[in-house]
Amino acid sequence: MKNRFFFSTAAALSLLCFSCTKPHTTLSEHKQAFAPPIMGWSSWNAFRVNISEDIIKRQADLLVEKGLKEAGYHYVNIDDGFFGKRDGNGVMQTNEQRFPNGMKPVADHIHRLGMKAGIYTDAGNNTCGSIWDNDTVGVGAGIYGHESQDARLYFGDWGFDFIKIDYCGGDVLGLSEKERYTSIRNSIDKVNKDVSVNICRWAFPGTWAKDVATSWRISGDINAHWNSLKYVVGKNLYLSAYAGNGHYNDMDMMVIGFRNDSKVGGKELTPTEEEAHFGLWCIMSSPLLIGCNLENLPESSLELLTNKELIALNQDALGLQAYVVQHENEGYVLVKDIEQKRGNVRAVALYNPSDTVCSFSVSFASLEFGGKVKVRDLAKHTDLGSFSDSFEQTLPAHSAMFLRMEGDTRLEPTLYEAECAYLPLFDDLGKNPKGITYAHDKEASGKMKVKFLGGQSENYAEWREVYSEKGGRYQMTIHYSHGHQRQLEVAVNGTVTRIDRLANDDNHHQLSIPVELKAGYNVVRMGNSYNWAPDIDCFTLTKAL
């Protein structure tokens, strides 16, 4: 961290108390097992609107024949292209050429194989296929204005278990995302509350999504080349606070197994890139949906897609998404708990998105490990040995390494980055030019910060799992910038410290305040109820002597 000085605030603090909302997670809740991200196959990347009854049934059969169902791929999702037209009563008919026997026999075939069937709609009036593929039958095929009857048809009469809800038609009409998806969810629940809903808005839509869907897209469509993969991963690097409790950030269908296919960008990934692709989808807990034509799936790609140790990261009972713990040069280090919350086992990824080799030196203390640490390469199924102090590795361009690490002891964390905080008013839709967001800052710890914090009481950053083994008095050091004419409110388990004197410039600074933590998990909030707060880089905790 650069250009920081210690700013004494003892004379500037006024203490207030208010009732803080209950933490979303407690020690007992961490013992629960949550529904994992879905695994399966989806039709769009390989076939776009050119699907048929025979194609869907064959792909379902191949999931079984190739051992993919046994590996956990249980969903067969039919994307855009099955529509025919609505009759005089507005009831959707299937495309007579593509699905001459209707949709129920297709869903029944999938169910007889012991799998679940997925379907598609648009939150607006017209589907994406009608706009981008000139598929005229998609005009008027969206669910807008037909929610109740489409829900009864898709999940009652036809018996589907999952739906992807696109937003091309909704975007054209300028509709409210929250209102549209909430209304659709309510209509589906009247028929079947167990339907899994995917929001496809091509950006993180907002924290309301968890009340509507089990997953939500966080990026535009993926293509089968590295720059596209890098873009999608980059959109999800700092969204770990919004995944969990059975709800997940969706990084789109995978492009593993494509070979120079123009449908997904006209290129293909190298084996090294495919391994990075799959491992990152696994450790970041994205739904795992195969997008290629399974008839042409190479053996090497099949072996990767059925890697049990990588899949275990995705399907882990804790349901967590890995977060960035280190970003130096071009490399990222991601980590998450697996098997047991705050246990001695963690999953770690070393990710090199750059076009050159990248060297990593990862301090075990930064991973909260003490003593010796046993390391296993999950992609290669190889134990690498026991290490002390740090783990070092050099990775080639466009690659990643996925590790299971087990330490002798688990250390109490001391650093909390702003980019790992939960922001209740955050979305990635770009409609509010001064909406709270995670922003790049080369002088910040981890090169990221949170800006546009405050202005109203609801616009805060929250760290829900600030952990103290025994509780007690701590010194909290807050690193910030842009303090000019701003104030900061810091709440620890509901007790607020208001800081009125900040550095009167836009440079990076730090200040320190005493705080009291309870044993276990604590909730820390930062914001400003009636004015902008400074940009927050991170805070550290030091046990008071």
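In this text, all values refer to a predicted model and were calculated from it rather than measured experimentally.

S.K.: When you look at the packing of helix H9 (residues 226-236) against helix H10 (residues 271-283) in this model, what are you seeing that I'm missing?
M.R.: How two helices pack is summed up by the angle between their axes together with the distance between the axes. The N-to-C vectors of H9 and H10 enclose an angle of 20 degrees; their axes lie 11 Å apart at closest approach. One finds that H9 runs roughly parallel with respect to H10. Two packed elements cross with a definite hand, and for H9 against H10 that hand is left-handed. Counted together, Trp226, Leu229, Val232 and Val233 of H9 and Glu273, Ala276, His277, Leu280 and Trp281 of H10 form the full contact between these two elements. Tallied by class, the residues present in the contact of H9 with H10 amount to 7 nonpolar, 1 polar and 1 charged.

S.K.: Whenever I open this one, the state of the cysteines confuses me. Can you help?
M.R.: A covalent bond bridging the sulfur atoms of two cysteines is what the word disulfide describes. Scanning the entire structure with this criterion turns up 1 disulfide. Between the sulfur of Cys128 and that of Cys168 lies a disulfide, 1.9 Å long from S to S. Between Cys128 and Cys168, the disulfide has an S-S torsion of 95 degrees and is therefore right-handed. With Cys128 in helix H5 (residues 128-132) and Cys168 in helix H7 (residues 168-173), this residue pair connects regions lying 40 residues apart in the sequence. In this structure, Cys128 and Cys168 share a single accessibility class: buried. The thiol sulfur of Cys292 is not disulfide-bonded, and the nearest other cysteine sulfur, from Cys282, lies at 15 Å. With no disulfide of its own, Cys420 lies 11 Å from the sulfur of Cys538, the closest cysteine sulfur.

S.K.: Looking at this structure, I do not really get the pattern of salt bridges. What am I missing?
M.R.: When their charged atoms lie close together, side chains carrying opposite charge are able to pair. Summed over the entire model, instances satisfying the criterion amount to 38 salt bridges. A salt bridge links Arg498 to Glu489, with the nearest nitrogen and oxygen atoms 3.0 Å apart. The exposure class assigned to Glu489 is buried, which follows from its relative accessible area of 16%. A network of salt bridges, in which partner residues are shared, links Asp337, Arg342, Arg346, Glu368 and Arg410.

S.K.: Any chance you could explain H10 here in plain terms?
M.R.: Working note: α-helix, 3.6 residues per turn, so residues spaced by three or four point in the same direction. Taking 1.5 Å of rise per residue, 13 residues should cover 18 Å, and H10 covers 18 Å from first to last C-alpha, within 8% of that figure. Those residues of H10 lying buried are Glu273, Glu274, Glu275, Ala276, His277, Phe278, Gly279, Leu280, Trp281, Cys282 and Ile283. Backbone geometry just after H10 places Ser285 at a positive phi near 55 degrees.

S.K.: Which parts of the structure should I look at to understand helix H4 (residues 104-112)?
M.R.: Taken residue by residue, H4 has Val106, Ala107, His109 and Ile110 as its buried positions. Burial along H4 is one-sided: seen end-on, the buried residues are contained in an arc of 155 degrees. Check the buried side of H4 and you find it contacts helix H2 (53-65), strand S4 (75-77) and strand S7 (116-122). Phi for Gly114, located one or two positions after H4, is positive at around 85 degrees.

S.K.: Is there a simple way to explain the packing of aromatic side chains in this structure?
M.R.: All chains considered together, the criterion is met by 23 aromatic pairs. Considering the side-chain rings of Trp41 and Phe47, the 6.3 Å spacing of their centres and the 65 degrees angle between planes classify their relative orientation as edge-to-face. Classification of Trp41 by relative accessible area gives buried; the value is 0%. Ring geometry for Tyr167 and Tyr181: centres 5.6 Å apart, planes at 25 degrees, overall stacked. Of this pair, Tyr167 sits in the loop between strand S8 (162-166) and H7 while Tyr181 sits in helix H8 (residues 177-189), and the two are 14 residues apart along the sequence.

S.K.: How should I be thinking about the sheet that holds strand S18 (residues 382-387) in this particular structure?
M.R.: As summarised here, the arrangement of the 6 strands in space is S13-S14-S15-S20-S17-S18, forming an open sheet in which the pairing is antiparallel. Of all strands in the sheet, those with a lone pairing partner are strand S13 (323-328) and S18, marking the two edges. Direction aside, neighbouring strands of the sheet carry axes that sit 25 degrees apart on average. As paired strands, strand S14 (residues 331-337) and strand S15 (residues 345-352) are joined by 6 bridges and run antiparallel to one another. Paired with Val335 across the strands is Val348, a residue of S15.

S.K.: Can you help me understand the pairing of strand S27 (residues 495-499) in this one?
M.R.: On any regular strand, side chains alternate: one points to one face of the sheet, the next to the other face. Where strand S26 (residues 488-492) lies against S27, 5 bridges are found, and the strand directions are antiparallel. Bridging from a neighbouring strand, Leu488 pairs with Ile499 of S27. Between S26 and the antiparallel strand that follows it, S27, lie 2 residues; Asn493 among them carries a positive phi value of about 55 degrees.

S.K.: Mind showing me how you'd approach the packing of H2 against H4 here?
M.R.: The contact between H2 and H4 brings their axes to 10 Å, and the two run at 5 degrees. In terms of their interaxial angle, H2 and H4 are classed as roughly parallel. In this structure, H2 contributes Glu53, Ile56, Lys57, Ala60 and Asp61 to the contact, and H4 contributes Pro105, Val106, His109 and Ile110. Classifying every residue of the contact of H2 with H4 gives 5 nonpolar, 1 polar and 3 charged.

Criteria and cut-off values
Residues numbered from 1 in each chain as written. Predicted model: local features only at pLDDT ≥ 70, side-chain atom pairs only at ≥ 80, totals over all residues. Heavy atoms only, no water. Axes fitted to C-alpha atoms, helices over the stretch in contact; angles between N-to-C directions. Helix = DSSP H or I, 4+ residues; strand = E, 2+ residues; numbered from the N terminus. Parallel < 35°, antiparallel > 145°, perpendicular 65-115°, else oblique. Left-handed = near helix turned anticlockwise from the far one by under 90°. Contact = heavy atoms within 4.5 Å. Nonpolar A, V, L, I, M, F, W, Y, C, P; charged D, E, K, R; others polar. Disulfide = S-S within 2.5 Å. Buried < 20%, exposed > 50% of the residue type's maximum accessible area, 1.4 Å probe, protein only. Salt bridge = Lys/Arg side-chain N within 4 Å of Asp/Glu carboxyl O. Expected span 1.5 Å × (residues − 1). Arc of directions from axis to C-beta. Phe/Tyr/Trp six-rings, centres within 6.5 Å; stacked < 30°, edge-to-face > 60°. Pairing = 2+ DSSP bridges.

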